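Each chain is listed here by its residues.
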Amino acid sequence: MKIALACDHGGLNLKNAVIEYLNENGYDFVDYGTNSTDSCDYPDFALPAAEAVAEKKCDRGIIICSTGIGVSIVANKVPGVRCAHCHDSYCAEFTRRHNDANVLAMGEKVVGTGYALKIVETFLNTQFEGGRHQRRVDKITEIEKKYCK
């Protein structure tokens, strides 16, 4: 599984911890930046990561800012991306099982590093259930087709 990673200056420390986790667990990833604590604009980094997932260059994405809110808004503007802003492992599990979310957004100032890595582990290791949930994901895709022209 190949992971697209991105953060702004407010998510750099957590992104670096996620990189360490991914390396230790044998995941392939692409880092779309930032790599500095200098103030920057989260859309400049979240967008290329989300596009990589939508274009199937990466299987999943993990994007981080101070709260996780800004990057999730950006990612969800990209057709084909179902980004879930999670701050607990229960949400990470069920967004994969029921929504087939392909991008995880987190906030460095919202969740501690240890628990964030548990969220990442859950997000990456939980499979989509399909079945009745596929019908709902298909409806989301139809909404995208209607409004994302």
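Quick summary incoming for the structure in this document. (Residues numbered from 1 in each chain as written. Predicted model: local features only at pLDDT ≥ 70, side-chain atom pairs only at ≥ 80, totals over all residues. Heavy atoms only, no water.)

**Things to note about the side chain of Asp8**
Working step 1: In this fold, Asp8 is placed in the loop between strand E1 (2–7) and helix H1 (12–24).
Working step 2: With residues up to four places along the chain from it excluded, the contact list for Asp8 reads Thr34, Cys40, Tyr42, Ile64, Cys65 and Ser66. (Helix = DSSP H or I, 4+ residues; strand = E, 2+ residues; numbered from the N terminus. Contact = heavy atoms within 4.5 Å.)

**Here's the deal with the pattern of salt bridges**
Working step 1: Scanning all chains against the criterion turns up 8 salt bridges.
Working step 2: A salt bridge links Arg96 to Asp100; the nearest nitrogen and oxygen atoms lie 2.9 Å apart.
Working step 3: Accessibility expressed as a relative area gives 3% for Arg96, which makes it buried.
Working step 4: Several salt bridges converge on common partners, so that one network encompasses Arg82, Arg96 and Asp100. (Salt bridge = Lys/Arg side-chain N within 4 Å of Asp/Glu carboxyl O. Buried < 20%, exposed > 50% of the residue type's maximum accessible area, 1.4 Å probe, protein only.)

**Focus: the nonpolar core**
Working step 1: By size, the foremost hydrophobic cluster in this structure holds 24 residues, and its most contacted members are Val18, Leu22, Ile62, Leu104, Met106, Val120 and Leu124.
Working step 2: Elements represented by at least two residues in this core include exactly E1, H1, strand E3 (60–65), strand E5 (103–107) and helix H5 (113–125).
Working step 3: The biggest single contributor to this core is H1, with 6 residues.
Working step 4: Those residues in contact with Val18 that lie beyond four places of it in its chain are Leu5, Ile62, Ile64, Met106, Leu117 and Val120.
Working step 5: Within the second largest apolar cluster, 20 residues are counted, among which are Phe45, Ala49, Cys58 and Val74. (Core = buried A, V, L, I, M, F, W, Y, C linked by side-chain atoms within 4.5 Å.)

**Points about the packing of helix H4 (residues 89–99) against H5**
Working step 1: Viewed as axis vectors pointing N to C, H4 and H5 meet at an angle of 15°, and their least axial separation amounts to 8 Å. Taken together, H4 and H5 sit at an angle that is classed as roughly parallel. Taken as a pair, H4 and H5 cross one another with a handedness that is right-handed. Of the residues in H5, those in contact with Ser89, Ala92, Glu93, Thr95 and Arg96 of H4 are Tyr115, Lys118, Ile119, Thr122 and Phe123.
Working step 2: Of the residues contributing to the contact of H4 with H5, the split by class is 4 nonpolar, 3 polar and 3 charged. (Axes fitted to C-alpha atoms, helices over the stretch in contact; angles between N-to-C directions. Parallel < 35°, antiparallel > 145°, perpendicular 65-115°, else oblique. Left-handed = near helix turned anticlockwise from the far one by under 90°. Nonpolar A, V, L, I, M, F, W, Y, C, P; charged D, E, K, R; others polar.)

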